[in-house]
Amino acid sequence: MSRRILLVARGLDPVGTGRELLQAACGLHEAGDEVHLAVSTQPGSVAAAAAAAGVIVHPLSHRPEPSGASIAGVARTVAVLRPQLVASWGWSAAAVAGAALRVASLRHRPRWLASLAGPRLPATAAERWITSRLLASCDLVLASSEATADACQRLGVALWKVRLSSAGIGAAAAPTRSREEVAELLGLPLETTWTLCVAPLVARSRLARLVWAADQLDVVHQGLTHVLVGHGRLGLQLARRARAQEAARRIRMLPACAIIHDLLAYVRLVWQTGEVAHGGVLIDALAAGVPAVAVSGDAARMIIADGVTGSIVPADPPSELPRRGLPLIEDDALHARFATASQARARDFFPLDAALQRQKAAIHDLLD
């Protein structure tokens, strides 16, 4: 029997949380469920990909961050659709979904499943109290790691409501566009070597480290273009910092990227400079055979095999980020060895079928 399911998420690209969301949405739709997606911020390319797959998309805002309007929009959508299940993806989406379910005019409350990644606790006591109150009404949490599960329990979520569910990914598909086509579509200089970082432009992403690394690498290895995909309130500030450090011409900032998997096929290295859910593009890079350099954090330690598929560096000194990235840019033999190990790690540690089965089991337990 078909079930009506409402997914709630911010605008995302199809990597990290966006990939997990899109895989789940397509799987539910293919199973015969009526799947809706409410997007609480400026839509990313996941919304278009989900719509193309048959998911009904409800864009609720064009702001870079969730707002009161996002909560009101989700509440209206829930009241009109009356879904059996609301499934939120990410911490900000959990806050929006939890608040919306509290204010929606409902005769029968839907079950609520929250998928969370990263040990992200609210910054202030007031925010922590609000998040704790909202998550208390969640029926089940799928936590990406032990650290995420611990963060949920510190917020007061009952232990029996939390299940571990690590990310999953299939084998990387062959690119559908040539390097020349990707360069033209994204405005990238064809003659340079490309690196990639995908992260929201917010403080916790620590993207100033990427600007500094781009500046330092140019001293020892010219001809690099660093692609940064993401949007957020710090976009203008980050662009000003890049200009001040004379790194703007080496950094290409894109608010979204619909062809990110084609881009990954031609990227030499991926970066992660702060704590981002599912490590941003790190798991996708594993599957594509692209080595990674990331500042130490929960996702980086879980995804990267240090010295085998990439490098995990301390936050300080900042020189460690470009220093560990340079050999992977310059040494073809080292890069090839890391690339092969990356694909093997994606296959062995992040199998897609197992991840989808955990999600299906959670939904089954809530609805059947």
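In what follows, the structure referred to is the one given above.
Numbering of residues begins from 1 in every chain and follows the order in which that chain's sequence is written. Restriction of local features to residues with pLDDT of at least 70 applies here, the model being predicted, together with a cutoff of 80 or more for giving and counting side-chain atom pairs; totals for whole chains, interfaces and linings are based on all residues. The side-chain quantities take in all heavy atoms of the structure and omit both hydrogens and water.

## As for the packing of aromatic side chains
At step 1: Note on ring pairs: Phe, Tyr and Trp rings are taken, using the six-membered ring of Trp, and paired if centres are within 6.5 Å. Classes follow the plane angle, with under 30 degrees stacked, over 60 edge-to-face and the rest tilted. Enumeration according to the criterion identifies zero aromatic pairs in this entry.
At step 2: Only lysine NZ and arginine CZ atoms are considered, and such an atom sits over a ring when it is within 6 Å of the ring centre and within 35 degrees of the ring normal. Sitting over the face of the ring of tryptophan 194, arginine 179 holds its NZ or CZ atom 4.0 Å from the ring centroid.

## Some details on empty space enclosed by the protein
At step 1: Put simply, the grid is 1 Å and covers the protein atoms alone, a cavity is a trapped set of points that fit a 1.4 Å probe, a pocket is an open set with protein on both sides within 12 Å along at least five of seven lines, and lining residues have an atom within 4 Å of a point. Grid points are joined across faces, edges and corners, and a volume is the space filled by probe spheres set on the points. Enumeration over the complete set of coordinates arrives at five cavities of 30 Å³ or more.
At step 2: The volume enclosed by the largest cavity comes to roughly 120 Å³.
At step 3: Labels follow the DSSP assignment, with helices taken as runs of H or I lasting at least four residues and strands as runs of E lasting at least two, numbered in each case from the N terminus. Contributing elements (two or more residues each) for the lining of the largest cavity: helix H1 (17-30) and strand S5 (111-116).
At step 4: We call Asp, Glu, Lys and Arg charged. Ala, Val, Leu, Ile, Met, Phe, Trp, Tyr, Cys and Pro are nonpolar, and the rest, Gly among them, are polar. Of the residues belonging to the lining of the largest cavity, the class tally is five nonpolar, eight polar and one charged.
At step 5: Of the pockets and cavities examined, the second largest cavity occupies roughly 60 Å³.
At step 6: Together, Gln272, Gly274, Glu275, Val276, Gly279, Leu282, Ala294, Val295, Gly297, Asp298, Ala299 and Ala300 line the second largest cavity.
At step 7: When contributions to the lining of the second largest cavity are tallied by element, the ones reaching two or more residues are strand S12 (292-295) and helix H12 (298-303).
At step 8: In terms of residue count, the dominant contributor to the lining of the second largest cavity is H12 (three residues).
At step 9: Looking at the lining of the second largest cavity residue by residue, the classes come out as six nonpolar, four polar and two charged.

## Quick notes on the pairing of strand S1 (residues 4-9)
At step 1: Here the term buried applies to any residue with accessible area under 20% of the maximum for its type, exposed to any over 50%, and partly exposed to those in between, with areas from a 1.4 Å probe on protein chains only. The element S1 is largely enclosed, with a buried count of five among its six residues.
At step 2: When DSSP finds two or more bridges between a pair of strands, those strands are recorded as paired. Bridging between S1 and strand S2 (residues 34-39) involves six bridges; their strand directions are parallel. Bridge pairing in S2 links alanine 9 to valine 39.
At step 3: When the strands point away from the viewer and the connection leading from the first strand across the helix to the second strand turns clockwise, the crossover is called right-handed. The parallel pair S1 and S2 is bridged by H1, and the resulting crossover is right-handed.
At step 4: Across four bridges, S1 lies against strand S4 (residues 85-89) in parallel orientation. For isoleucine 5, the partnering residue across the bridge sits in S4 and is leucine 85.

## Re the environment of histidine 108
At step 1: Note that histidine 108 resides in the loop between helix H4 (91-103) and S5.
At step 2: The class for histidine 108 is exposed, based on a relative accessible area of 66%.
At step 3: Along the backbone, histidine 108 and alanine 79 are 29 residues apart, and their C-alpha atoms lie at a distance of 9.7 Å.

## Section: the sheet that holds strand S7 (residues 162-164)
Pairing between the strands of a sheet is mediated by backbone hydrogen bonds and can be parallel or antiparallel.
At step 1: Ordered by their spatial adjacency, seven strands build an open sheet running S3-S2-S1-S4-S5-S6-S7, and the pairing between neighbours is parallel. The outermost strands of the open sheet, each flanked by one partner alone, are strand S3 (56-59) and S7. Each adjacent strand pair in this sheet contributes to an overall mean axis angle of 20°, direction not counted.
At step 2: Where S5 meets strand S6 (residues 140-143), four bridges bridge the pair, whose relative direction is parallel. Paired with alanine 114 across the bridge in S6 is valine 141. The axes are straight lines fitted to the C-alpha atoms, using for helices just the contacting stretch, and the angles between their N-to-C directions are given from 0 to 180°.

## Quick look at the environment of alanine 256
At step 1: For alanine 256, the position within the fold is in the loop between strand S10 (251-254) and helix H10 (260-264).
At step 2: In this structure, the C-alpha to C-alpha distance between alanine 256 and proline 43, residues 213 residues apart in sequence, is 8.8 Å.

## Overview of the pattern of salt bridges
At step 1: Just to be clear on terms, a salt bridge is a Lys or Arg side-chain nitrogen sitting within 4 Å of an Asp or Glu carboxyl oxygen. Evaluated as defined, the whole model comprises 18 salt bridges.
At step 2: With a shortest N-O distance of 3.4 Å, aspartate 218 and arginine 249 are connected by a salt bridge. Taken together, the residues aspartate 218 in helix H8 (residues 208-220) and arginine 249 in the loop between helix H9 (235-244) and S10 connect sequence positions 31 residues apart.
At step 3: As a salt-bridge pair, glutamate 320 and arginine 324 come within 4.0 Å of each other at their nearest N and O atoms. Of this pair, glutamate 320 and arginine 324 both sit in helix H13 (residues 320-330), four residues apart, which is roughly one turn of that helix.
At step 4: Each of the salt bridges in this network shares a partner with another, and the network as a whole consists of Asp215, Asp218, Arg249 and Arg250.

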